[in-house]
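Survey of secondary and tertiary structure
Each chain, letter by letter, is given below.
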Amino acid sequence: MSSVTTKKSDLASLMWTEKYRPQKLEDVVGQKDIIKGISNLIKGRDLPHMLFSGPAGVGKTTAALCIVKELFGTSWRDNVLQLNASDERGIKMVREKVKEFTRWGSPTGEQETKELFKIIILDEADEMTSEAQTALRRMMEDGARTTRFIIICNYLSQIIEPIQSRCVVFRFTRLPKEVVLEHMEEIAKKEGVKYDEKALAHIYDATGGDMRHSINIMQAAAGMGAINSANVTSAIGLSGRSKVGEVVKLALAGKFNEARAKLLELTQVYGMSEGDFMKYASQEAYEMKLENPGQFAEIMAEYDYRLASGAHPEIQMAALLAQLGKLGGSSSSGKKD
Ligand SMILES: Nc1ncnc2c1ncn2[C@@H]1O[C@H](COP(=O)(O)OP(=O)(O)OP(=O)(O)O)[C@@H](O)[C@H]1O
Ligand SMILES: [Mg+2]
């Protein structure tokens with residue numbers, strides 16, 4: 001039923017981070033002790049719940065996916081539920097999915113594993129309120145016969161104690177320089193792109209052990225011809241920045257879909273934070289000499305506030321673009337794309 005062919009969007013398959021995402025635990029670079037610990041755990045019959053914490057782009061989600069691929073082989077998709085706590089806010093959604101999942105009963109498929117459970121990967125769990133986490137804790141107990149959780153977060157301190165104590169905790173750390181440099185070189189060689197070591201070191205210094213961000217900058221520089229210092233410098237700063245103005249223009253012109261796609265590229269490929277986007281967008285708009293700068297500023301302030309108060313960034317940014325579309329006037333409103 002399921003096969004190994006991955007159905008990725010065009011953007012995802014073009015992205016080196018996806019192309020070179022490790023498929024086996026042993027291919028996850030750095031994090032040696034953690035990988036050894038996990039490998040030993042999944043060899044045992046009685047798989048515990050696991051909790052992965054640590055900074056962005058160091059292999060947490062990747063390791064979780066490797067685990068389920070190793071446990072279930074090609075039929076992993078039939079036995080795994082991948083949820084993002086911040087995408088589907090509200091415990092109701094999570095609970096329904098967990099219930100439904102638990103009802104499915106024992107794993108199916110051709111896996112050689114003897115285990116009788118399915119796995120729920122719950123990413124960004126630290127985005128959940130503590131009430132939601134309390135409910136989650138109950139679900140972990142209710143589903144104990146059939147379900148194992150791999151809970152992933154950036155900040156362990158944001159996870160309630162009763163959940164922590166029900167899991168084997170693995171603390172992922174920023175990746176050391178040698179490890180990231182070596183991995184980047186390997187990718188550059190496979191891609192047949194020219195690179196120099198100083199430029200790679202520069203990337204590391206700018207990203208500080210975040211492999212996703214490092215690879216994305218590398219790819220952006222390679223897109224300019226080679227991974228050299230000049231291209232890396234502009235990939236880090238300018239190339240992303242110059243696109244901010246384009247997003248603002250598209251949004252003001254009512255081209256919502258185009259604006260949103262460009263914005264996603266900025267946040268995902270260039271690793272630009274929503275906060276930085278807001279800052280640059282305000283500067284760009286100032287230079288554009290808008291007809292109604294006051295209204296523009298009000299909209300930006302409103303969304304800046306929403307982001308700061310913890311509203312879901314992707315949703316808020318989409319709403320912001322829609323608002324700017326209204327502000328842009330009736331000249332080219334509506335769905336142009
Ligand atoms: N330890 C690693 N070894 C090899 N590649 C890695 C490693 N960590 C990250 N990467 C690369 O970065 C990409 C993103 O990694 P991953 O999704 O595992 O990050 P994460 O730790 O879950 O981060 P976040 O907290 O942002 O979700 C991977 O697809 C892979 O290309
Ligand atoms: Mg992740």
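I will try to describe carefully the structure that is included in this document. As the structure is a computational prediction, the values presented were derived from the model and not from experiment.

A word on the packing of helix 11 (residues 211–222) against helix 12 (residues 229–236). Two quantities define a packed helix pair, namely the angle between the axes and the distance from one axis to the other. Where helix 11 meets helix 12, the axes come as close as 8 Å, and the angle between the chain directions of the two elements is 120°. Taken together, the axis directions place helix 11 and helix 12 in an arrangement best described as oblique. Relative to helix 12, helix 11 is oriented so that their crossing is right-handed. Each of Ile-217, Ala-220 and Ala-221 in helix 11 lies in contact with helix 12, whose residues at this interface are Asn-231, Val-232, Ala-235 and Ile-236. Of the residues contributing to the contact of helix 11 with helix 12, the split by class is six nonpolar, one polar and no charged.

For the structure on display, the rule yields 11 salt bridges. A salt bridge links Glu-141 to Arg-137, with the shortest nitrogen-to-oxygen separation between them at 3.8 Å. With Glu-141 and Arg-137 both in helix 7 (residues 130–142), this residue pair falls four residues apart, about one helical turn. In this structure, Glu-141 engages Arg-166 in a salt bridge whose closest nitrogen and oxygen atoms are separated by 2.5 Å.

This part is about the packing of aromatic side chains. Each aromatic ring pair is specified by the distance between its two centres and by the angle formed by the two planes. Scanning all chains against the criterion turns up two aromatic pairs. The interplanar angle of 50° and the centroid separation of 5.1 Å between the aromatic rings of Phe-52 and Phe-172 together place this pair among those described as tilted. One end of the pair, Phe-52, is in strand 1 (residues 49–53); the other, Phe-172, is in the loop between strand 5 (167–171) and helix 9 (177–191), and 120 residues separate them in sequence. Given the relative accessible area of 0%, Phe-52 is considered buried.

Between its terminal C-alpha atoms helix 3 (residues 32–43) stretches 17 Å, which fits the 16 Å expected from 12 residues at 1.5 Å a residue. Where helix 3 is buried, its residues contact strand 1, helix 4 (60–72) and strand 5.

Quick notes on the rules
- Residues numbered from 1 in each chain as written.
- Chains lettered and ligands numbered in written order.
- Predicted model: local features only at pLDDT ≥ 70, side-chain atom pairs only at ≥ 80, totals over all residues.
- Heavy atoms only, no water.
- Axes fitted to C-alpha atoms, helices over the stretch in contact; angles between N-to-C directions.
- Helix = DSSP H or I, 4+ residues; strand = E, 2+ residues; numbered from the N terminus.
- Parallel < 35°, antiparallel > 145°, perpendicular 65-115°, else oblique.
- Left-handed = near helix turned anticlockwise from the far one by under 90°.
- Contact = heavy atoms within 4.5 Å.
- Nonpolar A, V, L, I, M, F, W, Y, C, P; charged D, E, K, R; others polar.
- Salt bridge = Lys/Arg side-chain N within 4 Å of Asp/Glu carboxyl O.
- Phe/Tyr/Trp six-rings, centres within 6.5 Å; stacked < 30°, edge-to-face > 60°.
- Buried < 20%, exposed > 50% of the residue type's maximum accessible area, 1.4 Å probe, protein only.
- Expected span 1.5 Å × (residues − 1).

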